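Topology and contacts: notes
So you can see what is in the structure, the chains are spelled out below.
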Amino acid sequence: MQTSLRSRQHPLIHQLANCIESVWQEHLDLSPYQVPEDLGYVEGCLEGERLVIENHCYQTPQFRKLHLELAQVGNSLDILHCVMFPNPEYALPIFGSDLVGGRSGINAAIVDLSPINKDRSLPKIYHTRLSALSAIQFSQPRALPQWGDIFSEFCLFVRPVDTQEEAAFLQRVREFLILHCQIASTSTPLTSHLEVARVLSGQKSYCTKQQQNDKTRRVLEKSFGSEWTERYMTTMLFDCAA
């Protein structure tokens, strides 16, 4: 679905948003996800500049919530945030991707399929297929944050320096997404309450770590206050299944 915001954002964000939704539409059986009425589209002010947030959410039999968030602060900051939360009955990793940048370029680009097992390992089928992807070299790899132990060995975190590296990152996200959707679509739901409980525990650990992202929290708190920010981070960005 084309939106007015993405057309005003950095071209890579525009392209990635379209890529994510097209892969979802092609490979998954999407239905609407009920977003809290006051959180679908949000406007605020950050240090005198207009802050706009758009949230697009879907659900499928395998995924409790597919979340694509686009945000923009004036002419200085563009953001894309995407997470695919599996239903707890499916022992799937958590796909996540973020882009942060502005008119001068993308400062941070990350994509991963994050494991939910206690030993931080991906299911064998994921490990096999991710290992088979061609290697990509980026000139400016970035270090993961202190809470980044939730990410897998295949996590890609870089600063793309030109359009070639931007295109390579976009292609890698597409490959991760298609692979993930294909595996999920053929996965069998769990029947053991203990196994479902383990999946829930792993997902909650992922969300708890992500909620420790101080940069996101600070930006939101400056614009909307701490109470609204806490609600947004725990019910919109990184909500856990009951």
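Cut-offs applied
In every chain, residue numbers begin from 1 and rise along the written sequence. Residue-level local features of this predicted model are given only where pLDDT is at least 70; pairs of side-chain atoms are given and counted only at 80 or more, and the full residue set underlies all totals for whole chains, interfaces and linings. Excluding hydrogens and water, the side-chain figures rest on all heavy atoms present in the structure. UniProt positions are given in the numbering used here, feature names are shortened, and annotations may be inferred rather than shown by experiment. Under the pairing criterion, centres of Phe, Tyr and Trp rings, with the six-membered ring standing for Trp, must be within 6.5 Å; the plane angle then separates stacked pairs below 30 degrees from edge-to-face pairs above 60, leaving the rest tilted. The helix count covers DSSP runs of H or I at least four residues long, the strand count covers runs of E at least two residues long, and both are numbered beginning at the N terminus. Buried residues are those whose accessible area, probed at 1.4 Å on protein chains only, stays under 20% of the maximum for their type, while exposed residues exceed 50% and partly exposed ones sit between those limits. Among the buried residues, those of types Ala, Val, Leu, Ile, Met, Phe, Trp, Tyr and Cys that are joined through side-chain atoms within 4.5 Å form a nonpolar core. Contact criterion: two residues are considered in contact whenever any of their non-hydrogen atoms come within 4.5 Å of each other. For helices, the axis comes from a line fit to the C-alpha atoms of the stretch in contact; other axes are also lines fit to C-alpha atoms, and the angle between any two N-to-C directions lies between 0 and 180 degrees. An angle below 35 degrees is read as roughly parallel, one above 145 as roughly antiparallel, one from 65 to 115 as roughly perpendicular, and any other as oblique. We call a crossing left-handed when the near helix sits turned anticlockwise from the far one by less than a right angle, and right-handed when that turn is clockwise.

Under an unreviewed UniProt entry, the name given to the chain is Phycocyanobilin:ferredoxin oxidoreductase, and the source organism is Halotia branconii CENA392. Regarding the chain, the relevant UniProt record gives this comment under Function (unreviewed entry): "Catalyzes the four-electron reduction of biliverdin IX-alpha (2-electron reduction at both the A and D rings); the reaction proceeds via an isolatable 2-electron intermediate, 181,182-dihydrobiliverdin." Its UniProt record, at the heading Sequence similarities (unreviewed entry), says of the chain: "Belongs to the HY2 family."

**Considering the packing of aromatic side chains**
Evaluated as defined, the whole model comprises four aromatic pairs. When the ring of Trp24 is compared with that of Tyr58, the centres are 5.9 Å apart and the planes differ by 70°; the resulting orientation is edge-to-face. Placement of Trp24 in helix H1 (residues 11-27) and of Tyr58 in strand S3 (residues 49-59) is noted, with a sequence separation of 34 residues between them. The same class applies to Trp24 as to Tyr58, namely buried. Here Phe224 and Trp228 contribute two aromatic rings whose centre-to-centre distance is 4.2 Å and whose plane-to-plane angle is 35°, an arrangement assigned as tilted. Under the relative-accessibility criterion, Trp228 is labelled buried at 18%.

**So, the nonpolar core**
With 43 residues, the main nonpolar core has Trp24, Leu80, Met84, Phe95, Leu99 and Phe169 as its most contacted residues. The greatest single-element share of this core, amounting to nine residues, is contributed by helix H3 (residues 163-185). Excluding anything up to four places from it in sequence, Phe95 contacts Cys82, Val83, Met84, Val111, Asp112, Leu113, Val173, Phe176, Leu177 and His180. Counting 30 residues, the second-largest nonpolar core is a separate cluster that includes Val35, Val73, Ile150 and Met233.

**What about the packing of helix H2 (residues 124-131) against H3?**
At their nearest, the axes of H2 and H3 sit 11 Å apart, and the two run at 150° to each other. Classified by the angle between their axes, H2 and H3 sit roughly antiparallel to one another. Between H2 and H3 lies a crossing whose hand is right-handed. Contact residues: Ile125, Tyr126, Arg129 and Leu130 in H2; Phe176, Leu179, His180, Gln182, Ile183 and Ala184 in H3.

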